[in-house]
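# Topology and contacts: notes
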Amino acid sequence: MAAATATTETKTTGHTILRWIKAAAGWHLLLAVGGVVGLGWLWAGGGTERVIVFKVVASLLLVALTAVNALAAVDLLRLRHRGRVVSLAVNYLGFLFCLFAVMHRAGGFTGFNTLANNFGRALPFLFLALIGVAISNLGENPGANRKMVGRGITAVGGILFLFLAGLATAGRALVISLTDPTTLILFVALFPFGLFLWAIWRQPAAARLGAKNVDNEMLIGWAFLSPNFLGFLLFIAGPLLFSFYVSFTDWDAFGNANWVGLGNYGRALNLTLAPLADAAQRANEVLDVRVYDELARIRLFGRSYVIGAQDKLFWIALGNTLKFVVFAVPLSVIPALFLANLLNSKVPGMKFFRAVYFLPSVAAVVGIALVWQLLFNASVGYINYFITQITTFLGLTDPKIRWLSASDTALLAVVIMAAWQWLGFNTVLFLAGLQSIPRVLYEAATVDGAGSGRQFTHITVPLLAPTTFFVLVTTTIQAMQIFEHIFIVMGTNPAGPANSTLTLVLYLYQKGFQRFEQGYASSLAWILFAIIFAATLFQVQRQRMSGSGYDA
């Protein structure tokens, strides 16, 4: 009799689970139909080029949504585990989307300011709730009365905390926001997404759909990874794709955007070369000054030419960036290599010096730039003071260098400051690489009669190649993106005298956030990305050709 009852209960449970699975399949089928309806509604009317681009992107998303939900519905009806995975992903993402959309439309994110303002007043009742938890759980066998008292205290403390923290205000704002049809639809959609997420996640449904332990572990792992992964998609990948789209428009950051195609890229890269009758001929006689500005003059095969640029400042910024890379990278890498060799020796006090050299790399750029701004001061700076003392001692003429106010030294000053800051971090990286080289190799070289110089060139440098590659790549990328040092140390004129410190990142900042040419600034950012990618790829290829890379 008991066995029959158990069998009946098992069958009933099985039928209940099967009904939940079929209901989830129907829900996904409804979402698929909604995707088709949305696709038809989207293309019901015409629109401008910008609207059409938006419609194309939205259509791709709707097609993907329809296909995924149709797949989930079919697989759930066939009791396939793939349907469970797809269903969980769709319902999880749908629930999060509706939740954050409702919070946004109800002013929930701005409500965090209210919570922060009221938190101090509500904090004592939070402690009261914690005391209630302690009363009901402390001890080996807390009695029923004690548990009841503790839970009562926890409930009273929690309710008062939420009330004083602004729960009533938040609830009132939510109710008011639900009068908007869009917010109401999103709020109602929360429940089926959450309900079917719970139903398909449960172990009975998982077992019915053929889930194994490894499948459950995989889903749990993805669930833990999802906040970071979704944050990457939302705050990194999403803005990157948006900026790529913006680079093909003339968006001004205020909603005005027209599709210009490759116009922004053409404007930045457009150059022309015109021959001159003689080196002193005026550029406006051979260039269309309505389009081009004179960038430079060159002499080839005995004849003079003028180079015209549609955006002269872009090429100046590119030249300054490359100059900075050429000087700053060697100055922050080569000394770091020798300094790491010195710090790798077993001399008393080396740990202290390692910490001292590393300090600049963790210091704030603002503080460093302000200190160097004082050091570079032409009148009272210590650098010019020591130069004056040395030249006076040697009987030479004091050059009185105007570090930050002269076009020929401003960029050099920034190079010195940046290289000094990056030196310590590169030193630590080289030091880590040196400590991974077996000491037995140096001992064998010493026995064979090799001196410290030959050991450095024949053991240290080859075996340190992977570390050197990493340091070169990261320092080059960092140098090409130089911005903060220049922006702060140059004061009110970051571009410097005669645009001598105008770099690509600084130029795109000026275009995007000072002149609100967001479309053009985005194209400059992608041009810089292409340059950095090409430089990195070149270094990778050289490393592979040398046969000492990580893949060797």
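Residues numbered from 1 in each chain as written. Predicted model: local features only at pLDDT ≥ 70, side-chain atom pairs only at ≥ 80, totals over all residues. Heavy atoms only, no water.

On to the overall build of the protein chain, then. If you tally the helices and strands in the protein chain, you get 21 helices and three strands. Its C-alpha radius of gyration of 33 Å places the protein chain more than 25% over the 24 Å reference for a compact globule of 552 residues. Each principal axis of the C-alpha atoms in the protein chain carries an extent, and together these give about 110 × 70 × 55 Å. In the protein chain, which comprises 552 residues, the proportion classed as buried is 35%. When contacts within the protein chain are restricted to residue pairs at least 6 apart in sequence, long-range pairs at least 24 apart make up 64% of them. Only carbon and sulfur atoms are counted for the fraction: they give 70% of the accessible area of the protein chain, which is about 32,600 Å². Positive and negative side-chain charges in the protein chain, numbering 37 and 22 respectively, have mean positions lying 10 Å apart. (Helix = DSSP H or I, 4+ residues; strand = E, 2+ residues; numbered from the N terminus. Rg over C-alpha atoms; globule rule 2.2 N^0.38 Å. Buried < 20%, exposed > 50% of the residue type's maximum accessible area, 1.4 Å probe, protein only. Contact = heavy atoms within 4.5 Å. Areas by Shrake-Rupley, 256 points an atom, 1.4 Å probe, with all protein chains shown as cover. Lys, Arg positive; Asp, Glu negative; His and termini not counted. Charge placed at Lys NZ, Arg CZ, Asp CG, Glu CD.)

An ideal rise of 1.5 Å per residue puts 30 Å on 21 residues; helix α7 (residues 181-201) measures up with 31 Å between its terminal C-alpha atoms. Regarding α7, the residues found buried are Thr 183, Leu 186, Ala 189, Leu 190, Phe 193, Phe 196, Ala 199 and Ile 200. (Expected span 1.5 Å × (residues − 1).)

On to the domain arrangement of the protein chain. A common way to state how big an interface is: give the accessible area lost once the parts meet. For the protein chain, the domain assignment lists domain 1 (16-106 + 179-211), domain 2 (119-167), domain 3 (271-309) and domain 4 (314-551). Of note, the centres of domain 3 and domain 4, computed from C-alpha atoms alone, are 35 Å apart. (Domains from an automatic or database assignment.)

At a closest axis distance of 12 Å, the pairing of helix α3 (residues 81-105) and helix α9 (residues 213-246) adopts a crossing angle of 25°. Here α3 lies roughly parallel to α9, going by the angle between them. α9 is crossed by α3, and the crossing has right-handed handedness. Of the residues in α9, those touching α3 at His 81, Arg 84, Val 85, Leu 88, Tyr 92, Leu 93 and Leu 96 are Asp 215, Asn 216, Leu 219, Ser 226 and Leu 230. (Axes fitted to C-alpha atoms, helices over the stretch in contact; angles between N-to-C directions. Parallel < 35°, antiparallel > 145°, perpendicular 65-115°, else oblique. Left-handed = near helix turned anticlockwise from the far one by under 90°.)

With that out of the way, let us pick up the sheet that holds strand β1 (residues 271-275). What the three strands build is an open sheet, ordered β1-β3-β2; its pairing is antiparallel. Two strands close off the open sheet at either side, each with one partner strand: β1 and β2 (293-300). Strand-to-strand twist across the sheet, computed as the mean angle between neighbouring axes with direction ignored, equals 25°. As defined by bridge partners, β1 adjoins strand β3 (residues 303-309) across five bridges and the pair is classed as antiparallel. Residue pairing across strands places Leu 271 opposite Ala 309, the latter belonging to β3. Docked against the sheet, helix α11 (residues 312-343) engages β1, β2 and β3, running at close to 60° with respect to β2. (Pairing = 2+ DSSP bridges.)

Bringing the pairing of β3 into the picture now. In terms of burial, β3 is largely enclosed, as five of its seven residues are buried. Of the strand pairs in this sheet, β2 and β3 are connected by seven bridges, and their pairing is antiparallel. Pairing of Glu 294 across the sheet is with Gly 308, part of β3. In this antiparallel pair of consecutive strands, β2 and β3, the connection spans two residues, and Phe 301 shows a positive phi of 55°.

Before going further, it helps to examine the pattern of salt bridges. Applying the stated rule across the entire model yields seven salt bridges. A salt bridge links Asp 180 to Arg 105, with the nearest nitrogen and oxygen atoms 2.6 Å apart. Here Asp 180 is found in the loop between α6 (167-177) and α7, whereas its partner Arg 105 is found in helix α3, with 75 residues between them in sequence. Since its relative accessible area comes to 42%, Arg 105 is described here as partly exposed. Of the charged contacts, one joins Glu 294 and Arg 297 as a salt bridge, the two residues approaching to 2.7 Å between their closest N and O atoms. For Glu 294, a relative accessible area of 30% corresponds to the partly exposed category. We classify Arg 297 as partly exposed; its relative accessible area is 32%. (Salt bridge = Lys/Arg side-chain N within 4 Å of Asp/Glu carboxyl O.)

Attention shifts here to the nonpolar core. Grouped burial of nonpolar side chains is what soluble globular proteins tend to show. Formed by 64 residues in total, the largest nonpolar core has its most connected members in Phe 314, Phe 324 and Phe 430. The residues contacting Phe 314, other than those within four sequence positions of it, are Ala 268, Leu 269, Leu 504, Tyr 507, Tyr 520, Leu 524 and Ile 527. (Core = buried A, V, L, I, M, F, W, Y, C linked by side-chain atoms within 4.5 Å.)

Glancing now at the side chain of Asn 91. Structurally, Asn 91 is set in helix α3. A distance of 2.9 Å separates a polar side-chain atom of Asn 91 from the backbone oxygen of Ser 87. Residues contacting Asn 91, with those up to four places away along its chain left out, are Trp 27, His 28, Pro 192, Phe 193, Phe 196 and Leu 197. (Polar contact = N/O pair within 3.5 Å; in protein donor to acceptor, adjacent residues only side chain to side chain.)

Right, let's talk about the packing of aromatic side chains for a bit. In total, this model carries 28 aromatic pairs according to the counting rule given. Ring centres of Phe 187 and Phe 191 lie 5.5 Å apart, and the angle between their planes is 85°; this geometry places the pair in the edge-to-face category. On the criterion of helical spacing, the pair formed by Phe 187 and Phe 191 is a turn pair, its members being four residues apart in helix α7. On the basis of relative accessibility, which here comes to 23%, the residue Phe 187 falls in the partly exposed class. For Phe 191, a relative accessible area of 53% corresponds to the exposed category. Ring-pair connections join several aromatic residues into one group, and the members of that group are Phe 244, Tyr 245, Phe 248, Trp 259, Tyr 265, Trp 526, Phe 529 and Phe 533. (Phe/Tyr/Trp six-rings, centres within 6.5 Å; stacked < 30°, edge-to-face > 60°.)

Before going further, it helps to examine a nonpolar patch on the surface. Residues Met 218, Trp 222, Leu 225, Phe 229, Phe 232, Leu 233, Leu 234, Phe 235, Ile 236 and Leu 240 make up a contiguous nonpolar surface patch of roughly 1,000 Å² in combined accessible area. Tracing the sequence through the fold places Trp 222 in helix α9. By relative accessible area, Trp 222 is classed as partly exposed at 48%. (Patch = residues over 30% accessible without salt bridge, like charges linked within 9 Å, V, L, I, M, F, W, Y side chains within 5 Å.)

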